[in-house]
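Each chain, letter by letter, is given below.
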Amino acid sequence: MRVSVVQFKPTLGNVELNIEKTVAFVKAALKEGANLCLFPELSLTGYYLQDLTFEVAFTIDDKRLLPLLELSKEIGIIVGLIEEDENHVFYNSAFYLKDGEIKHIHRKVYLPTYGMFDEGRFVGYGKRVDSFETGFGKGSILICEDLWHFSNLYLAFLQGTKFIFAQSSSPGRGYREENMFGNAEVWKNMGEFYSRMMGSYFFYSNRVGVEDGFVFSGKSFVADPYGNIIAEASSFEEEILTVEINYSLIKSARTNLPLLRDERPEIVLENLRRILNEG
């Protein structure tokens, strides 16, 4: 299996242009032999949407997705967008497209509503962390703030996830002389830690570009099941990182550190009930 992580710069509110660019990047990933292509959070819409949220939203039968659904007959594609459900509730969602269909949807569980972030005013909270079949092993998608809550990673871990697909639109904070933002280093630390503890590959796709004066921090990367960064993008440019999955690393990591084998979720459940009952 080969995975392409796309570091992408969407144009705010211009869905047609973003789809056109996405198609071009997917075709480039196909030329690199990729089986799956990961894009950042809200890659089809842009991030700082505010009132545009309701104008750019996609439904599951949205004809604008047809070019990507057609390409998904050749390659799995994970894109970020605003989803409108049948009850006209809006979500910050990721769609996994494969075989001409939407195979899996993840709705962002944790919505940051602090500092520059105002997501809770415009979209609803997701309620599930699931795994899905990639054809090469189970994967789970988590979106930006989701990854700052390790309970989400734990839920994915319990489902035997071998691939964490992390989408982000992370604004840069604390620029350093090493041509990277301080928060980008924190994301790397998270990827190194989560991949090591889960014995999984960690694919992090962050966006670049500027919206409403905010500069996004880039530095997309891939971490292997031993927590090693095996590919990393720059801070400012659109790029594709394509890596080959080494399944023997997943097996050896989980054999050497058998945390999944020894996990006791019933203890977690009992203690959660106790803590919640005690208020």
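To be clear, the structure that these remarks concern was listed above.
Let us look at the structure shown here.

The rules behind these values
- Residues take numbers from 1 onward in each chain, read along the sequence in its written order.
- Per-residue local features of the predicted model are confined to residues with pLDDT of at least 70, and side-chain atom pairs are confined, for both listing and counting, to 80 or more; whole-chain, interface and lining totals are unaffected and use all residues.
- Think of the side-chain values as coming from all heavy atoms in the structure, minus any hydrogens and water.
- Starting at the N terminus, helices and strands are each numbered in turn, a helix being any DSSP run of H or I of at least four residues and a strand any DSSP run of E of at least two.
- Remark: exposure states derive from per-residue accessible area (1.4 Å probe, protein chains only) relative to the maximum for the residue type, with buried under 20%, exposed over 50%, and partly exposed in between.
- For two strands to pair, DSSP has to find at least two bridges joining them.
- Here, expected helix span is obtained from the residue count minus one, scaled by 1.5 Å.
- Contact definition: two residues touch when any of their heavy atoms are within 4.5 Å.
- Throughout, the protein atoms alone are placed on a 1 Å grid, and a set of points is a cavity if a 1.4 Å probe fits but cannot get out or a pocket if it is open with protein on both sides within 12 Å along at least five of seven lines; lining residues have an atom within 4 Å of a point.
- Grid points are joined across faces, edges and corners, and a volume is the space filled by probe spheres set on the points.
- Three residue categories are used. Nonpolar comprises Ala, Val, Leu, Ile, Met, Phe, Trp, Tyr, Cys and Pro, charged comprises Asp, Glu, Lys and Arg, and polar comprises the others, including Gly.
- Nine residue types can take part in a nonpolar core, namely buried Ala, Val, Leu, Ile, Met, Phe, Trp, Tyr and Cys, and a core is a set of them joined through side-chain atoms within 4.5 Å.
- Ring pairs are drawn from Phe, Tyr and Trp, using the six-membered ring of Trp, whenever the two centres fall within 6.5 Å, and their geometry is named by plane angle: stacked under 30 degrees, edge-to-face over 60, tilted for the rest.

Regarding unusual backbone geometry
For residues that are not glycine, phi is negative in most cases, and the peptide bond is trans in most cases. Even without being a glycine, D212 presents a positive backbone phi close to 50°. Within the secondary structure layout, D212 lies in the loop between β12 (210-211) and β13 (214-215). The phi torsion at K219 lies on the positive side, around 60°, for a residue other than glycine. Tracing the backbone through its elements, the reader meets K219 in the loop between β13 and β14 (221-223). For K219, a relative accessible area of 13% gives the class buried.

A few points about the pairing of strand β11 (residues 201-206)
Here β11 lies mainly inside the structure; six of its six residues are buried. Covered by surrounding structure in β11 are Y201, F203 and S205 together with F202, Y204 and N206, the residues of both alternating faces. Taken together, the six bridges between strand β8 (residues 163-168) and β11 define a ladder with parallel strand orientation. Pairing of S168 across the sheet is with N206, part of β11. In the sheet, β11 pairs with β14 via three bridges, with the strands oriented antiparallel. Each bridged residue has a counterpart across the sheet, and for Y204 the counterpart in β14 is F221.

Examining helix α1 (residues 15-31)
The terminal C-alpha atoms of α1 lie 24 Å apart, and with 17 residues this matches the ideal 24 Å at 1.5 Å per residue to within 8%. Turning to α1, its buried residues number three or more, namely V15, N18, I19, T22, V23, F25, V26 and A29. Residues of α1 that are buried make contact with β1 (2-7), β2 (36-38), α2 (53-56), α3 (66-71), β3 (76-84) and β16 (239-244). G33 sits one or two positions beyond α1 and adopts a positive phi of about 80°.

What about empty space enclosed by the protein?
Evaluated as defined, the whole model comprises two cavities of 30 Å³ or more. Taken as a whole, the largest cavity encloses approximately 160 Å³ of empty space. Every residue lining the largest cavity is counted, 14 residues in all, and those nearest its centre are Y47, L49, Q50, E119 and F122. Here the lining of the largest cavity is built from residues that sort into nine nonpolar, three polar and two charged. The calculated volume of the second largest cavity comes to roughly 60 Å³. Lining the second largest cavity are F157, R196, M197, M198, G199, A253, R254, L257, L259 and L260.

Here we look at the nonpolar core
I78, L147, F163, F165, F202 and F203 are the most contacted members of the largest nonpolar core, which totals 40 residues. Here F202 is in contact with L147, I164, A166, G191, Y194, S195, F221, V222 and A223, once residues within four sequence places are set aside.

Comments concerning the environment of C144
Here C144 is to be found in the loop between β7 (138-143) and α4 (150-158). Exposure remark for C144: the relative accessible area of 11% places this residue in the buried category. C-alpha separation for the pair C144 and Y204, spaced 60 residues apart in sequence, amounts to 9.5 Å. Once residues within four sequence positions are removed from consideration, C144 is found in contact with E41, K108, Q167, S168, S169 and W187.

Brief notes about the packing of aromatic side chains
Taken as a whole and assessed by the stated rule, the structure comprises 20 aromatic pairs. Note on F54 and F122: the rings are 6.3 Å apart at their centroids and 45° apart in plane angle, and the pair reads as tilted. Placement of F54 in helix α2 and of F122 in the loop between β5 (101-107) and β6 (132-133) is noted, with a sequence separation of 68 residues between them. Of the residues examined, F54 reaches a relative accessible area of 40% and is grouped as partly exposed. On the basis of relative accessibility, which here comes to 11%, the residue F122 falls in the buried class. For the ring pair Y96 and F132, a centre distance of 4.7 Å and an interplane angle of 40° mean the geometry is tilted. With Y96 in strand β4 (residues 90-98) and F132 in strand β6, this residue pair connects regions lying 36 residues apart in the sequence. The residues Y96 and F132 share a single accessibility class, namely buried. Aromatic rings pair up to connect W148, W187, F193, Y194, F202, Y204 and F221 into one cluster.

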